[in-house]
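What follows is the residue order along each chain.
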Amino acid sequence: MMNCRLLVLMSVVTIPVAAMEADAWRVQNKPSYFSPDENNEESNNDNLFRLNKKQASDNQAPVDGDQLYKLGYAYYFAQTSSPELREDNLKKARSYLEQAVKQGHGRAANLLGEMWQKGKGGKIDFVKAENLYLLAQKKGVYDANYNLAELYRHTNQTQKAYKLHSALEAYGDKRSRIALGNIHLHGGKGVAPDLQKAITLYEKMAQQGDLTATYYLARAYYKNKLYEEAMPYFQEINESPTAQQVLGTLVFSQVKAALANIYGFRGLGSPQEAVELFEEALALGNKDIQPKLKLLKERLARTKKSADKGGRYSALGAS
């Protein structure tokens, strides 16, 4: 079975077979000089200072590519609440990673590619990002394949993204399964939208309890106005104790807002529950729902008056 899977994979695109997990290299190559509490910005920056001081006093020039990569990695991920210090750290990260890339360091090329793609520590340059991902790919960095596929997807090179994500998905990469679902959902140059294919991909993971896939599945139904189909998946996420941690606060607030919209404006639930969900979304920082929350409260107030005269509530037709 594994041999067949690898043959299919290699017929589409060459991906190093040494790493079975997409993020394995991040764990295996985590710098050892981080403090035990990685969220302690003072400890992390003190460690960086001590490391730089030690290297300067050792008179070891030049340091090897792995040392440079670890320095760049540490500066990139160092935690700080200061925007100025964060920007300074990112510029130093770029500098060290560039030096490591010159020495042929694959993981440094992959991380530097991310920085160029996202504009971290400098401007955005998609061409440089692509070249760095390709270099990292040749060096056997598995994660570079996913980053390259996502770069192609976000720069509307849909066919290239589809080909590479398909290979990764066949290899068992769950992130690429979701990315493929997104490509089918929205379509792109050379790839027609296909809702059913998107749903099939999301469902494979949602059935295994993957909250991210469950969110994308609910969103696919919702965006296609299939509110009854979307509702149970949004409910599952809303009731999950780990949803905010897994999906992030912004997405979690959007889940609550979507569920509130279904309850309050689609006649599929309690308007009072919708108000509560809108208020919870607002408390999470989602200010976009304020107009709908106001509208729903006004409607409920009118409904109460109408109920006193023998009337009843009817769902609004707002989207």
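You'll find the structure just up there.
Right, let's walk through the structure included here. (Residues numbered from 1 in each chain as written. Predicted model: local features only at pLDDT ≥ 70, side-chain atom pairs only at ≥ 80, totals over all residues. Heavy atoms only, no water.)

Description of the packing of aromatic side chains
Okay, so step 1: Taken as a whole and assessed by the stated rule, the structure comprises 11 aromatic pairs.
Okay, so step 2: On the basis of an interplanar angle of 20° and a centroid distance of 5.9 Å, the ring pair of Tyr 202 and Tyr 216 is categorised as stacked. With Tyr 202 in helix H11 (residues 195-206) and Tyr 216 in helix H12 (residues 211-223), this pair connects stretches of sequence that are 14 residues apart.
Okay, so step 3: Taking 5.7 Å as the distance between ring centres and 80° as the angle between the ring planes, the aromatic pair formed by Tyr 222 and Phe 234 counts as edge-to-face. Separated by 12 residues along the polypeptide, Tyr 222 in helix H12 and Phe 234 in helix H13 (residues 227-239) bring together distant segments of the chain.
Okay, so step 4: Given a relative accessible area of 2%, Phe 234 falls into the buried group.
Okay, so step 5: Aromatic rings pair up to connect Tyr 69, Tyr 73, Tyr 76 and Phe 77 into one cluster.
Okay, so step 6: Of note, Arg 86 hangs over the ring of Tyr 76, and the distance from its end group to the ring centre comes to 5.6 Å.
Okay, so step 7: Positioned over the ring face of Tyr 146 is Arg 175, at 3.9 Å from the centre of the ring. (Phe/Tyr/Trp six-rings, centres within 6.5 Å; stacked < 30°, edge-to-face > 60°. Helix = DSSP H or I, 4+ residues; strand = E, 2+ residues; numbered from the N terminus. Buried < 20%, exposed > 50% of the residue type's maximum accessible area, 1.4 Å probe, protein only. Lys NZ or Arg CZ within 6 Å of the ring centre and 35° of its normal.)

Considering the nonpolar core
Okay, so step 1: Ranked by internal contacts, the top residues of the largest apolar core, which has 40 residues, are Tyr 202, Tyr 215, Phe 234, Ile 237 and Phe 278.
Okay, so step 2: Among the elements of the structure, helix H10 (174-186), H11, H12, H13, helix H14 (243-247), helix H15 (249-265), helix H16 (271-283) and helix H17 (290-308) are those that each provide at least two residues to this core.
Okay, so step 3: A per-element tally of this core places H15 first, with 10 residues.
Okay, so step 4: In this structure, Phe 234 is in contact with Ala 218, Arg 219, Tyr 222, Val 255, Ala 258, Leu 259 and Ile 262, ignoring residues within four places of it in sequence.
Okay, so step 5: Core analysis: the next-biggest nonpolar cluster, separate from the first, contains 37 residues, Leu 71, Leu 111, Tyr 133 and Tyr 171 among them. (Core = buried A, V, L, I, M, F, W, Y, C linked by side-chain atoms within 4.5 Å. Contact = heavy atoms within 4.5 Å.)

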